[in-house]
Amino acid sequence: WACWKTYLGRPETDWPRCLAMQQLGHGLGAADHHEDALSVKEAEMAMLRRLSVPEGEMLNVQCNLAITYASLGRHEQALSLRRDIYSGRLKLNGEEHPETLREANNYATTLSELQRYQEAKSLLR
């Protein structure tokens, strides 16, 4: 919290401010304050969209948001994001890239959590 308060007054384009916001979201999640983490992570994603950050960075932020949705039991929202992240990684990096493969695994894990085993199985072939 103190880190965030230090950088709050800076402009959105200030990267230490962005990193402080990210750290606040992670810290809240680690402390099991997932609702608070969700609002911070959604604000972070909106800010980064306004700043037009590269697609790979946006996919990383979406991944963090998907984790928070899952932590809150909002598995359908997590699944929707996981699908988008996987699709984005395919377009950005191709099928065999390690980040694409990691996201395929994350997407399949979320499908499994929703007991959609056939879809998960077909994804991992």
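Here the residue numbers are simple positions, counted from 1 along each chain's written sequence. The predicted nature of this model means local features are confined to residues of pLDDT at least 70 and side-chain atom pairs, given and counted, to a pLDDT of 80 or more, with totals for whole chains, interfaces and linings taken over all residues. As a rule here, side-chain values come from all non-hydrogen atoms in the structure, and water together with hydrogens is ignored.

Q: So what exactly am I meant to see when it comes to the environment of K41 here?
A: Strands are runs of DSSP state E lasting at least two residues, helices are runs of H or I lasting at least four, and both sets are numbered from the N terminus onward. Counting through the fold element by element, K41 comes out in helix α3 (residues 34-50). With 20 residues separating them in the primary sequence, K41 and V61 have C-alpha atoms 7.7 Å apart. Whether two residues are in contact is decided by their heavy atoms, any of which lying within 4.5 Å being enough. In this view, K41 contacts G25, H26, N64, L65 and T68; residues no more than four positions away in its chain are not counted.

Q: Would you mind going over the packing of helix α4 (residues 55-71) against helix α5 (residues 75-93) with me for this structure?
A: If you want to describe how two helices pack, look at the angle between their axes and the distance between the axes. Running from N to C, α4 and α5 point in directions that differ by 160°, and their axes come no closer than 8 Å. Comparing the axis directions of α4 and α5 gives the class roughly antiparallel. Remark: the crossing between α4 and α5 carries left-handed chirality. Residues E55, G56, L59, N60, Q62, C63, L65, A66, I67, Y69 and A70 of α4 touch α5, and the partners they reach there are H75, Q77, A78, L81, R82, D84, I85, G88, R89 and L92. Residues are sorted three ways: Asp, Glu, Lys and Arg are charged, Ala, Val, Leu, Ile, Met, Phe, Trp, Tyr, Cys and Pro are nonpolar, and all the rest, Gly among them, are polar. Of the residues that constitute the contact of α4 with α5, the class distribution is 11 nonpolar, six polar and four charged. For helices, the fitted line uses only the C-alpha atoms of the stretch in contact; every axis is such a line through C-alpha atoms, and the angle between N-to-C directions lies from 0 to 180 degrees. Each angle is binned into one of four classes, with values under 35 degrees roughly parallel, values over 145 roughly antiparallel, values of 65 to 115 roughly perpendicular, and all other values oblique. Each helix crossing is assigned a hand: it is left-handed if the near helix lies turned anticlockwise from the far helix by less than a right angle, otherwise right-handed if that turn is clockwise.

Q: It is not clear to me how the packing of aromatic side chains should be interpreted in this structure. Could you clarify?
A: Aromatic rings considered in pairs are described by the distance between their centres and by the relative angle of their planes. Aromatic rings from Phe, Tyr and Trp, taking only the six-membered ring of Trp, are treated as a pair when their centres fall within 6.5 Å; an angle between ring planes under 30 degrees marks them as stacked, one over 60 as edge-to-face, and anything in between as tilted. In the structure shown here, the tally under the stated rule is one aromatic pair. With centroids separated by 5.9 Å and ring planes inclined at 35°, the aromatic side chains of Y86 and Y107 adopt a geometry described as tilted. You can see Y86 sitting in helix α5 and its partner Y107 sitting in helix α6 (residues 98-113), a full 21 residues away along the chain. Accessible area is worked out with a 1.4 Å probe on protein chains only. A residue is then buried under 20% of its type maximum, exposed over 50%, and partly exposed in between. Y86 gets classed as buried once you look at its relative accessible area, which sits at 17%. Of the residues examined, Y107 reaches a relative accessible area of 11% and is grouped as buried.

Q: For this particular structure, what's the right way to read the environment of M47?
A: Tracing the backbone through its elements, the reader meets M47 in helix α3. In this structure M47 comes out as buried when scored by relative accessible area, which is 1%. Measuring from C-alpha to C-alpha, the distance between M47 and S122 comes to 35 Å, with 75 residues separating the pair along the chain. With near-sequence residues (within four places) excluded, M47 lies in contact with E12, R17, C18 and M21.

Q: Just to check I follow, could you spell out the confidence of the model for the protein chain for this structure?
A: Reading predicted coordinates in detail is not appropriate for stretches of low pLDDT. Note: pLDDT gives the predictor's confidence per residue, expressed from 0 to 100. Per-residue confidence for the protein chain gives a mean pLDDT of 92; residues scoring 70 or more make up 96%. Considering each helix and strand of the protein chain separately, the mean pLDDT is smallest for helix α1 (residues 2-7), with a value of 66, and largest for α5, with 97.

Q: Looking at this model, I keep getting lost on α5. Mind explaining?
A: Since the α-helix turns once every 3.6 residues, residues separated by three or four places project in the same direction. Compared with an ideal rise of 1.5 Å per residue, which puts 19 residues at 27 Å, α5 spans 26 Å between its outermost C-alpha atoms and is within 8% of the ideal. Restricting attention to buried positions, one finds in α5 the residues A78, L79, L81, R82, I85, Y86, G88 and R89. Contact partners of the buried residues in α5: α4, α6 and α7 (117-123). Among the residues trailing α5, G94 stands out with phi positive, at a value near 90°. Expected span of a helix, by definition, is 1.5 Å for each gap between consecutive residues, and there is one gap fewer than residues.

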